[in-house]
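This is what each chain is made of:
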Amino acid sequence: MFIPGIESNPVRLKLPYRGLALIILALALVPAQAMAQRCGWGGTSTVPAPEFTFLRAVNEDLRAPTRLATDSNGNIYIADPGSGKMVQKNRFGLTDLVIPGLGTPSAIAVDASGFVFIADADSGSVNVYDSSWALLFQLGRGNGEFTNPNDIAIDPDTATNTIYVSDGAENLVKVYDLNGAWKFNFDGSSGPDTLSFNFPSAVHVSGAGQVIVGDQNNDRVQVFDRQGVFQYCFGSKYGPGSFKLRFGRILGITTDSLDRIYVADGFQGEVQVFDANGIPLATIGGFGSEPGQLRTPMGLSLDRFNRLWIASVNNSRAEVFGIDTYQDPVYIPPQDDDSDDDSDGSSDDNDSSDHNSGHGSDDNSEDSSNDQSNDDSDDDSDDDSGSPQDTGSGNRPPSDSGSDSGSGSGSGSGSDSEDDLDPDSSTGHDSDHGSGSGSDTGPDRGSDSGTDAGSGYGSDSDDDSEDDSDDDSN
Amino acid sequence: MFKKTNILLMILTALALTNQALALDPPHNSSNSIECVTCHTLHSAPGGTLTAVAGNANLCQSCHVVGGTATGKPFVEADQARPGLALPAGMSASGTSHRWDAGPQGRIEADGANTSAGTIVSSGAFTGPNIQTYTILITLPGDTGVAEFEWYLELKGSGAPTGPDGTGITGTSVPLGDGLALNFSDGITSPSFVAGDTWYLYVIPDIVLPTDPEMAVRMEGDVLMCSTCHDQHSQKMTPFDPTAPAYAGAGTGQGRHNQRIDNDLGQKCKDCHSARDVNSSSLGSHPVGIAIPVSGDFQSPTGLPLDASGNISCLTCHDPHYNGADNGLLLRINDIQTLCTECHTLASGVASHFNTSAAEMWPGGQYGSSYPAITDTGKTASCANCHYPHGWPDSANPTTDSPLLAVDFEESQCYTCHDGNPAATDIRAEFQKTSVHPVAATAAIHSPGEGAIVNSGTRHIECADCHNPHEAEVSVGAPGPSTSPRPANGPLTGTAGINAAGSPVATAAFEYEVCFRCHADSTGKPAALTQRLYPETNVRVEFTNKTSYHPVTKTGANTGNGDVPSLINGWAENSIVSCTNCHNSDNGPAAGGGGPNGAHGSSWPNLLERRYVTSDPSTYSAAKYASCFSCHDAANILSDDNNSFGEHDKHIRGEDAACNVCHDPHASDNDRLINFDTSVVSSSGGMGISFNWNSPGSGSCTLSCHGKRHKNKSY
């Protein structure tokens, strides 16, 4: 509005009038109820931002992967509704098993006993399979129990015996026990009021027992206790400061051991990381198709090696990032040396545990942390000899109780990285540090003081695999 | 005077206050909790038109994904069509949906094993005639400007490439020919391009940028996007499906699929695929926009939709999304034979070309056509072996398509199978002989709708003149002695003809009727081979209306009177001769060879199965007249006791006269097939040439021949 008599800046709308216009606009555009509740954010965090390292993209056998889950053995189960299949990959990212004919698998989770829960959007059901893929039962009434089951979360505290299913079309999170009996739902009506979902698109139960729900059309993350009692929320499309969307489309949620919350934003092609109070920490990825970039990221899962798996639907791949201190079992193909390290009478090249895809090692051959068996045919200090073999190279499920880690040595040390679900971020190296012969596999990051084997990253100073060529007794 | 943002704010405020914001039609409206800010952000928008992220498709896909808000209508990148024709060997077709990132510069995909960080984008518009894939291979690693590449053209099934079709140095806008260029961009690691990495650029002809302004303004750098074809805000424009709900104003119209422009007649398709918007197959693509013809060869489809005017449309055969076959063709019916026969009734159930148990497939062009071999066993015995519905370049003239939507031209198409592989016999070899039906002499004159009779000005012969490719059946074997005319069955099934009365018949009943198309009443026939006393070039008249005749259309005049004593090998006076008894391959089954039966070609003149020397004088040998002696006993004829003419030996062996000098092998106005060759036989003084027959074994001649005069010489 032009104010006569005011000389300075006659072309600029005076601040109060501009502000008034903004307010009127805001009020007109924003439904009244939204102003009633604003999820707070802001403040300083007490946990560090995660360090993340792009490891690889996994695309084999995937068409449109939307959701994924990981189990205690390091397997990854990927729901691919683009092909109607479940693709099971091992820790190396190599396909172990494909289950076709699952209709439109829209969500997946694995419980502690290895039962797999898969939602089928076609029949509106969540079906439960045992480890031999026999169908055991369905949640609730079976077919038609759900309208749009788009995420499943199992409470990591097995004593609670609880599983949560978000149903976007019904604006509910439905809660069942692990035998399929319905317990309760929370939330009912759509709309931006407290506790009311508008298209819940993701659900996850953190280690601390918080049930975290992605409330997509309200552009916010809501946190509940196990009984569905609202605790707090963060993010809002009408949030303070600007009209810029914090979230484009919340499509997936997971948490880590520091209770940091990872939110997949399928619109902006990134995974946003917050502390448990909703204070933003970091952004992983970015829109695109180059390595490390994301297109429509949805499913999120942190595996036992502290690697974040992201289902990137429209790149037809899963992206893998190492978080803070992580392990990255890497498959190294067997060297063609015809040695028979496991004394089974034939060349190791023919051993059935040989993984037959191109990149990785057979557990009967050496990983790079040890003498390569081709380096030295008389050096028989193969870690694999005599010790329980790591079946992780492709058999499923790898029941590693022995001394060998995925591609690692197992040179007699008792501790096994397989059992190590939580990387020791405090000491900076893996707790399976063995008896001096490079027992740690994969790339230990950060301040790794121990002997680090495998493809140790730059911060590993000792006994790096790259140095191993000097170790050959030849 | 006022800053634009202030004006914008004022307008928006006014609109907001009056609640007249842009009306959104369902489903992209409040019925699904969609508001303006669901997709638009007012400040620092990284995407065009104030959208939240770059990439139109990404915006749509954030809801159109399984588990998302539009879970029932997902669109994922892997759904985009990648049809199989001309894909390099080893790559398989896929795709349930029309692409939403396509353009006239084709689509490029990186090989899954690539590790290069750099990217390649194609630009321009493909102007070549063929569907094809360029394989681009990095030969020298490096960044853009340093790395080098080779490229190859390979059609599926044509085998390994023999050498690069071109080379170049990476850069921006590196020309590839045919209107295309490659644009290389560095990645985040160096070298951006790794040696051995491969990209595939797949192009099809007949695509242009859209001209409709609403579509043209919504192209992302000459590439299609979702919003090019779909209006995310409005359902107003008319869809193809006539059963879709009507538009009743703002806020209505769910189920009309958000058309960007009216599409009831396939207008969207016809904009970019304008070269295929033709109303006749002679213009190089299956016609659209016309009614199904009312004729015996067509029917109205029951499994395919016609457009709102009752005409065939692109969308009659194609459906752009959620195609069940996942092969990139987007066909409503994926079995080709079922699809074509919805409207075309040409296919006869017993015809060889539609015999599914024979399981033949097009083996790949060999005589000029580039149409690749068909390997999909679902296409055996289907129209797709010979026809390509959108026209295939004519190898002789690649800027046009082979007519009739065929994949090769006239006899070349037939030869591709009928050269001994995969067809059992080698018909093509017959046409390389010295005496042939001259299929190679004419091109583009034959028309399937031509009348039964073939006249001058359009005189021609092609395979299809004798063989109806849609009705021809397996060979019924060589002709032999018979008491009725050889029917037009087997490979002659379904061909038109001229009957013995001279009337055209739509389907010939007898073999001779097919021959009469060109050798009977046709004008413009070539001159007779022998100059005769009673000349006649109309074989129909010869066999139906002469005094003496080889019995082709009717039984002979000597039936039952014992006047043809020389007949052997099963031939009798009441036998009927077929054209192919005499005119046939010299190594066909009747001649004791392994070649095909039929009057295709012969090493003997006049397309005769056996030798028939006509020159005079010719020292006698039985072999010279093998054509006659296959039915007539030489010993009997040369015997002085022959009760038809005891002087044969004197003439044939004594005077070295050929049979043809006195006899007309077809017919004569005179008796006994006597029709003198007037280049040998001349007038006897002023008495002319004549032959009078009295009774078997008795007659008289008046003529002069070999210097000998006969004046009423009787025998």
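Thresholds applied
Residues numbered from 1 in each chain as written. Chains lettered and ligands numbered in written order. Predicted model: local features only at pLDDT ≥ 70, side-chain atom pairs only at ≥ 80, totals over all residues. Heavy atoms only, no water. Helix = DSSP H or I, 4+ residues; strand = E, 2+ residues; numbered from the N terminus. Buried < 20%, exposed > 50% of the residue type's maximum accessible area, 1.4 Å probe, protein only. Contact = heavy atoms within 4.5 Å. Rg over C-alpha atoms; globule rule 2.2 N^0.38 Å. Areas by Shrake-Rupley, 256 points an atom, 1.4 Å probe, with all protein chains shown as cover. Lys, Arg positive; Asp, Glu negative; His and termini not counted. Charge placed at Lys NZ, Arg CZ, Asp CG, Glu CD. Pairing = 2+ DSSP bridges. Axes fitted to C-alpha atoms, helices over the stretch in contact; angles between N-to-C directions. Domains from an automatic or database assignment. Salt bridge = Lys/Arg side-chain N within 4 Å of Asp/Glu carboxyl O. Phe/Tyr/Trp six-rings, centres within 6.5 Å; stacked < 30°, edge-to-face > 60°. Polar contact = N/O pair within 3.5 Å; in protein donor to acceptor, adjacent residues only side chain to side chain. pLDDT = per-residue confidence, 0-100. Core = buried A, V, L, I, M, F, W, Y, C linked by side-chain atoms within 4.5 Å. Disulfide = S-S within 2.5 Å.

(A) View of the overall build of chain A. When helices and strands are tallied, chain A shows 1 helix and 24 strands. When each of the 474 residues of chain A is scored for burial, the buried share is 58%. Considering only intrachain contacts with a sequence separation of at least 6, the fraction spanning at least 24 residues in chain A is 46%.

(B) Molecular detail of the overall build of chain B. A count of helices and strands for chain B gives 18 helices and 20 strands. For 715 residues, the compact-globule formula gives about 27 Å, and the C-alpha radius of gyration of chain B, at 36 Å, lies well above that figure. Its C-alpha atoms give chain B principal-axis dimensions of about 125 × 60 × 50 Å. Scored against the burial criterion, the 715 residues of chain B give a buried share of 44%. In chain B, once contacts between residues fewer than 6 apart in sequence are set aside, the share between residues at least 24 apart is 55%. If you sum the accessible surface of chain B, you get close to 32100 Å²; carbon and sulfur atoms cover 57% of it. When the 36 positive and 68 negative side-chain charges of chain B are each reduced to one mean point, those points stand 7 Å apart.

(C) Geometry of the environment of Gln337 of chain B. Residues and elements named next belong to chain B. With respect to the helices, strands and loops of the structure, Gln337 is situated in helix H8 (residues 336-341). Sequence separation between Gln337 and Gly378 is 41 residues; the distance between their C-alpha atoms is 9.3 Å. Excluding residues that lie within four positions of it along the chain, Gln337 makes contacts with Ala347, Phe354, Ala381, Ser382 and Cys383.

(D) Looking closely at unusual backbone geometry. Following Pro26 of chain B, the chain continues to Pro27 of chain B via a peptide bond in cis, the omega torsion being 5°. A cis amide bond, omega 0°, links Ser190 of chain B with the succeeding residue Pro191 of chain B. With respect to the helices and strands, Pro191 of chain B occurs in the loop between strand E7 (180-185) and strand E8 (198-203). Of note in the backbone geometry, Ser316 of chain A takes a positive phi value of approximately 55° without being a glycine.

(E) Molecular detail of the sheet that holds strand E15 (residues 211-215) of chain A. All names here are of chain A. Overall, antiparallel pairing links the 4 strands, which are arranged E14-E15-E16-E17 in an open sheet. In the strand order of this sheet, the two ends are held by strand E14 (200-205) and strand E17 (230-234), each with one partner. Across the sheet, the mean angle separating the axes of adjacent strands is 20° when strand polarity is ignored.

(F) Quick look at the domain arrangement of chain B. The domains assigned to chain B are domain 1 (104-203), domain 2 (347-422) and domain 3 (578-714). A C-alpha centroid distance of 45 Å is found between domain 2 of chain B and domain 3 of chain B.

(G) How the structure looks around the pattern of salt bridges. The tally for this structure, following the rule as stated, stands at 35 salt bridges over all chains. The salt bridge involving Arg56 of chain A is made with Asp328 of chain A; its shortest N-O contact spans 2.6 Å. Remark: Asp328 of chain A occurs in the segment after strand E24 (317-323) and Arg56 of chain A occurs in strand E1 (residues 52-58); sequence separation between them is 272 residues. Between Glu647 of chain B and Lys650 of chain B there is a salt bridge whose closest N-O contact spans 3.5 Å. Residues participating in the shared-partner salt-bridge network are Arg56, Asp303, Arg307 and Asp328 of chain A.

(H) Up close: the sheet that holds strand E23 (residues 307-312) of chain A. Residues and elements named next belong to chain A. With respect to topology, 4 strands assemble into an open sheet ordered E1-E24-E23-E22, the strand pairing being antiparallel. Looking along the sheet, the strands with just one partner apiece sit at the ends: E1 and strand E22 (297-302). In this sheet, neighbouring strand axes are inclined to one another by 20° on average, regardless of whether the strands run parallel or antiparallel. Examined bridge by bridge, E1 and E24 share 6 bridges and lie antiparallel to one another. Residue pairing in the sheet places Phe54 in a bridge with Phe321 of E24.

(I) Expanded view of the packing of aromatic side chains. Throughout the structure, instances matching the rule amount to 27 aromatic pairs over all chains. Considering the side-chain rings of Phe184 of chain B and Phe193 of chain B, the 5.5 Å spacing of their centres and the 80° angle between planes classify their relative orientation as edge-to-face. The class for Phe193 of chain B is buried, based on a relative accessible area of 0%. One aromatic cluster is present, formed by Phe184, Phe186, Phe197, Phe224 and Phe230 of chain A through successive ring pairs.

(J) Examining the side chain of Asp275 of chain A more closely. Residues and elements named next belong to chain A. Among the structural elements, Asp275 can be located in the loop between strand E20 (270-274) and strand E21 (280-285). At 9.4 Å, Arg260 is the nearest oppositely charged side chain to Asp275, a buried residue that forms no salt bridge. Within polar-contact distance, the side chain of Asp275 engages the backbone nitrogen of Asn277 at 2.8 Å. Non-local contacts of Asp275, meaning those with residues more than four positions away in its chain, are made with Ser45, Thr46, Val47, Asp259, Arg260, Ile261 and Leu281.

(K) Quick peek at the environment of His98 of chain B. Residues and elements named next belong to chain B. Checked against the element boundaries, His98 lands in the loop between helix H3 (56-61) and strand E1 (107-110). Distance in space between the C-alpha atoms of His98 and Pro293 is 29 Å, their sequence separation being 195 residues. Sequence-distant contacts of His98, defined by excluding residues within four places in its chain, comprise Leu224, His273, Pro320, His321 and Leu330.

(L) Fine view of the pairing of E7 of chain B. With 5 of its 6 residues buried, E7 of chain B lies for the most part within the structure. Between strand E6 (residues 174-177) of chain B and E7 of chain B, which pair antiparallel one after the other, the connecting turn spans 2 residues, and Asp178 of chain B there sits at a positive phi close to 55°.

(M) Representation of the confidence of the model for chain A. All names here are of chain A. Per-residue pLDDT for chain A averages 71, and the proportion of residues at 70 or more is 58%. Every residue in residues 188-193 scores below 50 in pLDDT, and together they form 18 contacts with partners more than four places removed in sequence or on other chains. Low pLDDT (under 50) marks residues 239-245, which in the prediction has 11 contacts with non-local residues, meaning those over four places away or in another chain.

(N) Quick look at the pairing of E6 of chain B. Residue and element names in this part refer to chain B. Burial along E6 is one-sided: Val174 and Leu176 are buried, while Pro175 and Gly177, pointing the other way, are not. In the sheet, E6 pairs with E7 via 3 bridges, with the strands oriented antiparallel. Note on E7: the bridge partner recorded for Gly177 is Leu180.

(O) A look at the nonpolar core. Residue and element names in this part refer to chain B. Core analysis: the biggest nonpolar cluster contains 23 residues, and Tyr620, Tyr625, Cys628, Phe629, Phe676, Val681 and Leu703 have the highest contact counts within it. Those residues in contact with Phe676 that lie beyond four places of it in its chain are Gln531, Arg532, Leu533, Val661, Cys662, Val681, Ile689, Ser690, Phe691 and Leu703. Counting 18 residues, the second-largest nonpolar core is a separate cluster that includes Ala86, Ile336, Leu339 and Val407.

(P) Fine view of the side chain of Asn127 of chain A. Residue and element names in this part refer to chain A. Mapping Asn127 onto the fold places it in strand E8 (residues 125-129). Of the residues examined, Asn127 reaches a relative accessible area of 9% and is grouped as buried. Side-chain polar atoms of Asn127 contact the side chain of Gln138, separated by 2.7 Å. Once you skip the residues sitting within four places of it in the chain, Asn127 turns out to touch Val116, Phe117, Ile118, Asp120, Leu135, Phe137 and Gln138.

(Q) Here's a closer look at the environment of Gly365 of chain B. Residues and elements named next belong to chain B. Assignment of secondary structure puts Gly365 in the loop between H8 and strand E9 (393-394). When the C-alpha positions of Gly365 and Gln413 are compared, they lie 8.0 Å apart, and in sequence the two are 48 residues distant. Beyond its immediate chain neighbours, meaning those up to four positions away, Gly365 contacts Tyr371 and Thr416.

(R) Helix H12 (residues 511-519) of chain B, seen in detail. Of all 9 residues that make up H12 of chain B, 7 are buried, and the element is covered over most of its length. Buried within H12 of chain B we find Glu511, Tyr512, Glu513, Val514, Phe516, Arg517 and Cys518 of chain B.

(S) Summary view of the confidence of the model for chain B. In this model, chain B carries a mean pLDDT of 88, and residues with pLDDT of at least 70 account for 94%. The ipTM, which scores confidence in the relative placement of chains, is 0.80 for this predicted complex, and the corresponding pTM is 0.78.

(T) Spotlight on the state of the cysteines. Residue and element names in this part refer to chain B. Per the counting criterion, the structure on display carries 0 disulfides over all chains. Free cysteine: Cys272, not disulfide-bonded; nearest cysteine sulfur from Cys229 at 6.7 Å. Its relative accessible area of 11% is what places Cys272 among the buried residues. Here Cys582 is not disulfide-linked; the sulfur of Cys631 is the nearest cysteine sulfur, at 6.2 Å.

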